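Structural description and commentary
Spelled out, the chains give:
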Amino acid sequence: MGFLVDSQEGSGKGGGSYGGVRSLIRRKQVDSVRVKKRGQQLAKELSVLHLIAIGVGSTIGAGVYILVGTVAREHSGPALTISFLIAGIAAALSAFCYAELASRCPSAGSAYHYSYICVGEGVAWLVGWALILEYTIGGAAVARGISPNLALFFGGGDNLPAFLARQHIPGLDVVVDPCAAVLVFIVTALLCAGIKESTRAQVIVTTANVCAMTFVIIAGAYLGFKSGWPGYELPTGYFPFGVDGMLAGSATVFFAYIGFDSVASTAEEVKNPQRDLPIGIGAALFLCCALYMMVSVIIVGLVPYYAMDRDTPISSAFASHGMQWAAYIITIGTITALCSTLMGSILPQPRILLAMSRDGLLPKFFSDVNQHTQVPLKSTIVTGIGSAILAFFMDVSELAGMVSVGTLLAFTMVAISVLILRYVPPDEVPLPSSLRDSIDSLSLQYGKSTQDINGEDSKVNVGTSKDSAVPLLVKEDASAEFPLIAKQLFLGNYTLNEESRRKIAGWTIMFTCAGVFLLTYAASNLALPRSLRFTVCGVGGILLLSGLVVLTCIDQDDARHSFGHAGGFLCPFVPLLPIACILINVYLLLNLGAATWARVSVWLIIGVLVYVFYGRTHSTLRDAIYVPAAHADEIYRSPVSGSV
């Protein structure tokens, strides 16, 4: 029995450029009973119904009450329902990937956590940093959308109580929104009270929103059958803008499905994560898609698509049939939708901060868990204050596109993580440097101490593997230093074939992602010369299809069965489904616009600086020692580690 040792010591302490690169690709272990987390654990209080409420509440925002009019008029026409269906299927691709990773790695952090385990610390940091921006701006944008709708109950914005009404500050040319800030503080207080208490409020608000949408469906169906569905009796047919218009509408309404990832962020607080998380994610997405489609079927049938009101399509559709009073019910639905989305926007961010702090990438302040409520209290308060300040002072509508970057980046990395998990799962786990004596003691049983072979930063092979009686892998130059070991390595065809399979799979995943980028970039950039555009598209398409074929033909790694917490959901149709998910999300990322990317780049540059000067040097993996996963339990059970 042998094992591979790879020390990370020095990689974060002035270890040079090589150490800096190694810090970007170091990966952490899936949380288990062997991993001692920093700070108290979060309360396990959530069931399937709670998760469905969080998912539906976070996903169905006020956008559906407005989006149907804009998309129907400009893109889809009566085919709006099909646009919602296609967008729902596209979102389901990401949901399948989330469901597998959430059940395998049920810990706070969502996409950041999965990226850290499967891809590496550098990418995980960027994902987490982008998600912080998404949730902060998303919460502020939603909060500022509540006050105009709330004003309808008071007869207009001028009739709101003075302490809630928007005020213009002439000297600064800023419109402050006290109502938005107050609402953010109320939601923050609910979240601080405990996950069970805040989820109960989420259930109530989400139920009110679903009831309002149910009223639209039932009452609208009655009006439609009574009037003969005038919206479908058009000479232009069902596809007035063609199939291209319908697909363009799908790309627009895809963002109406963003929010189910909030369910994954609560993984550590779920009673039975292997069973409940996949059900919660899937059921929430299915309910959202069904409600979207039914509402769109009704509204485009009540009014011709070209006559829809852009701002209030549902209210105006009912008003055109003599039901002006329905506007009040629809307004209640809009307000409750915004409130539930606000809770869904603020809920995940403290858990992202908690996970990053546990890993040492952010100060320990953010990882404190309140002993009474068992929630990350300090992180929640900081999140609430940040969102409230933005909601109070800034009109964040121009920054709303930045929210999509974090979501799409997270969706992309989750799909890539599924491919890595299936084909090249991490075969080494980091152990704390305090176990070095135990590691060296176990190494001596098979010949030599790791430090005697190549110093502290060595990566060497000692002995043979447990199952195949063949030594584990060595670094490339080991054959020169230890020819005897290298000869043993090549005597075992099975080990060599497995190593070749992992290398082929790893390179194929990388080239597939490169092909996706080239294909989507060339397809999106109409400014490229025609010949260059088709050439780049061709190269990208060849890389993409070749990668799909290779990954389909080669075997998946047997270690996938025991990776993380076994017994949960498995993503179907791998590698086709994750690759399709990557393709869709990268295409949407590249089409967000130059202005959005310019703003996001500033935030990401700030994040890089924070990581370089703080996160990299404070990471809990800075001094970690990597050993094969198969030998981790043996090291923990050794007498030396038991005495540490």
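These numbers were taken from a predicted model, which means no experiment stands behind them.

A few points about the overall build of the chain
If you tally the helices and strands in the chain, you get 26 helices and six strands. Within the chain, the fraction of its 644 residues that count as buried is 54%. Across the chain, every contact between residues at least 6 apart in sequence was considered, and the portion connecting residues at least 24 apart equals 83%. Counting every atom, the chain has about 26,700 Å² of accessible surface; 66% of that belongs to carbon and sulfur.

Let's talk about the nonpolar core
In this structure, Tyr98, Ile299, Ile314, Phe318 and Leu342 are the most contacted members of the largest nonpolar core, which totals 153 residues. For this core, the leading source of residues is helix 16 (residues 401–423), giving 15 residues. The residues touching Ile314, leaving out its near neighbours within four places in the chain, are Val64, Tyr65, Val68, Val216, Val295, Ile299 and Ile330. Among the nonpolar cores identified, the runner-up in size contains nine residues, and Val429, Leu431, Leu435 and Leu442 belong to it.

Some remarks on the environment of Ala624
Turning to its location among the elements, Ala624 is positioned in the loop between helix 24 (594–618) and strand 6 (625–628). Given the relative accessible area of 3%, Ala624 is considered buried. For the pair Ala624 and Leu435, spaced 189 residues apart in the sequence, the C-alpha separation amounts to 9.5 Å.

Quick word on the side chain of Asp359
When you line up the elements, Asp359 lands in the loop between helix 14 (348–358) and helix 15 (377–393). On the accessibility criterion, Asp359 (8% relative accessible area) is buried. When neighbours within four sequence positions are excluded, Asp359 is seen to be in contact with Lys28, Tyr112, Tyr116, His618, Ser619 and Thr620.

Quick look at the pattern of salt bridges
Going through the model one piece at a time under the given rule, you end up with 17 salt bridges. Note that Lys503 is salt-bridged to Glu499, the shortest N-O span being 3.9 Å. Linking Lys503 with Glu499, this pair stays in helix 21 (residues 493–524), spanning four residues, or about one helical turn. Via salt bridges that share partners, Asp427, Glu498, Arg501, Arg502 and Asp557 belong to a single interconnected network.

A closer look at a nonpolar patch on the surface
Residues Leu126, Ile605, Val608, Leu609, Val612 and Phe613 make up a contiguous nonpolar surface patch of roughly 540 Å² in combined accessible area. Top contributing element to the nonpolar patch by residue count: helix 24, with five residues. Classification of Val608 by relative accessible area gives partly exposed; the value is 39%.

Description of the side chain of Ser107
If you trace the backbone, Ser107 turns up in the loop between helix 4 (80–104) and helix 5 (110–118). A distance of 3.3 Å separates the side chain of Ser107 from the side chain of Glu268, its partner in a polar contact.

Some remarks on the state of the cysteines
Cysteine pairs can be covalently joined through their sulfur atoms, and such a bond is termed a disulfide. Taken as a whole and assessed by the stated rule, the structure comprises zero disulfides. Unpaired in this structure, Cys118 has its nearest cysteine sulfur neighbour in Cys105, at a distance of 6.0 Å. Relative accessible area serves as the criterion here: at 1%, Cys118 is assigned to the buried category. In this model Cys179 remains outside any disulfide bridge; the closest cysteine sulfur is found in Cys339, 8.8 Å from its own. On the accessibility criterion, Cys179 (3% relative accessible area) is buried.

Some points on the packing of aromatic side chains
Under the defined criterion, the tally for this structure stands at 24 aromatic pairs. Here the aromatic rings of Tyr232 and Tyr238 are separated by 6.4 Å at their centres, their planes lie at 20°, and the arrangement is stacked. For Tyr232, a relative accessible area of 29% gives the class partly exposed. Overall, Tyr238 belongs to the partly exposed group, its relative accessible area being 32%. Seen from their ring centres, Phe392 and Phe393 are 4.7 Å apart, and the 90° between their planes marks the pair as edge-to-face. Here a set of aromatic residues connected by ring pairs shows up, and it is made of Phe225, Trp229, Tyr232, Tyr238 and Phe239.

With respect to the environment of Phe215
Tracing the backbone through its elements, the reader meets Phe215 in helix 8 (residues 195–227). Judged by relative accessible area, Phe215 falls into the buried class, the value being 19%. Sequence separation between Phe215 and Ile330 is 115 residues; the distance between their C-alpha atoms is 8.6 Å. When sequence neighbours within four positions are dropped, the list of residues in contact with Phe215 reads Gly220, Met323, Trp325, Ala326 and Ile329.

Structural notes on helix 2 (residues 48–59)
Under the 1.5 Å per step criterion, the end-to-end length of helix 2 is 16 Å for twelve residues, consistent within 8% with the ideal 16 Å. Within helix 2, eleven of the twelve residues are buried, leaving the element largely enclosed by the surrounding structure. Of all the positions in helix 2, only Val48, His50, Leu51, Ile52, Ala53, Ile54, Gly55, Val56, Gly57, Ser58 and Thr59 are classed as buried. As for helix 2, its buried residues are in contact with helix 8, helix 10 (261–265), helix 11 (273–302) and helix 13 (326–346).

So, helix 24
Helical periodicity: at 3.6 residues per turn, an α-helix aligns residues three or four positions apart in one direction. Taking 1.5 Å per residue, 25 residues should reach 36 Å; helix 24 reaches 34 Å between its end C-alpha atoms and fits that length. Those residues of helix 24 not exposed but buried are Thr596, Val600, Gly607, Tyr611, Gly615, Arg616 and Thr617.

Things to note about the confidence of the model for the chain
For the chain, per-residue confidence averages 84 on the pLDDT scale, and residues scoring 70 or more make up 85% of the total. The least confident element of the chain is helix 20 (residues 483–491), whose mean pLDDT is 35; the most confident is helix 22 (residues 530–553), at 96. Within the model, the stretch residues 33–38 combines pLDDT values under 50 with twelve contacts to residues more than four positions away or in other chains. Low pLDDT (under 50) marks residues 449–496, which in the prediction has 87 contacts with non-local residues, meaning those over four places away or in another chain.

Points about the packing of helix 7 (residues 178–193) against helix 13
For the pair helix 7 and helix 13, interaxial distance at closest approach is 10 Å and the crossing angle is 60°. Judged by the angle between their axes, helix 7 and helix 13 are oblique. Our pair here, helix 7 against helix 13, has a crossing hand that is right-handed. When helix 7 is examined against helix 13, the residues Leu183, Val184, Val187, Thr188, Leu190 and Leu191 are found in contact with a partner set consisting of Leu342, Met343 and Ile346. In terms of residue class, the contact of helix 7 with helix 13 is made up of eight nonpolar, one polar and no charged.

Things to note about the environment of Ser58
Relative to the helices and strands, Ser58 resides in helix 2. Separated by 205 residues in the primary sequence, Ser58 and Val263 have C-alpha atoms spaced 8.8 Å apart. When sequence neighbours within four positions are dropped, the list of residues in contact with Ser58 reads Gln202, Ile258, Gly259, Ser262, Ser340, Thr341 and Gly344.

Definitions and limits used
- Numbers given to residues run from 1 along each chain, matching the order in which its sequence is written.
- pLDDT decides what is reported in this predicted model: residues at 70 or higher carry local features, side-chain atom pairs at 80 or more are listed and counted, and totals for whole chains, interfaces and linings draw on all residues regardless.
- Hydrogens and water are ignored here; the side-chain numbers use all heavy atoms of the structure.
- Numbering of helices and strands runs from the N terminus, with a helix taken as a DSSP run of H or I at least four residues long and a strand as a DSSP run of E at least two residues long.
- Between buried and exposed lies partly exposed: a residue is buried under 20% and exposed over 50% of the maximum accessible area for its type, with that area taken using a 1.4 Å probe on protein chains only.
- Note on definitions: a residue-residue contact is assigned when non-hydrogen atoms from the two residues lie within 4.5 Å.
- Where accessible areas are quoted, they stem from the Shrake-Rupley method and a 1.4 Å probe; at the residue level, only the protein chains shown are allowed to cover.
- Here the nonpolar core consists of buried residues drawn from Ala, Val, Leu, Ile, Met, Phe, Trp, Tyr and Cys, with membership extended through side-chain atoms lying within 4.5 Å.
- Any carboxyl oxygen of Asp or Glu within 4 Å of a side-chain nitrogen of Lys or Arg constitutes a salt bridge here.
- In this analysis, a patch consists of residues with relative accessible area above 30% that form no salt bridge, clustered at 9 Å for like charges and at 5 Å for the nonpolar side chains Val, Leu, Ile, Met, Phe, Trp and Tyr.
- Here a polar contact is recorded for every N or O atom pair within 3.5 Å, except that within protein the pair must consist of a potential hydrogen donor and a potential acceptor, and residues adjacent in sequence are included only if both atoms are side-chain atoms.
- A pair of sulfur atoms, both from cysteines and within 2.5 Å, is called a disulfide here.
- Stacked, edge-to-face and tilted are the three classes for Phe, Tyr and Trp ring pairs, Trp counted by its six-membered ring, which pair at centre distances within 6.5 Å; planes under 30 degrees apart are stacked, over 60 edge-to-face, the rest tilted.
- By definition here, a helix of n residues has an expected span of 1.5 Å times n minus one.
- As a per-residue measure, pLDDT reflects the predictor's confidence and takes values from 0 up to 100.
- Helix axes are fitted only over the stretch in contact, all axes being lines through C-alpha atoms; the angle between N-to-C directions runs from 0 to 180 degrees.
- Put simply, angles under 35 degrees are roughly parallel, angles over 145 are roughly antiparallel, angles from 65 to 115 are roughly perpendicular, and the rest are oblique.
- Helix crossings fall into two classes, left-handed where the near helix is turned counterclockwise from the far one by less than a right angle and right-handed where it is turned clockwise.
- When residues are sorted by character, Ala, Val, Leu, Ile, Met, Phe, Trp, Tyr, Cys and Pro go into the nonpolar class, Asp, Glu, Lys and Arg into the charged class, and all the rest, Gly among them, into the polar class.

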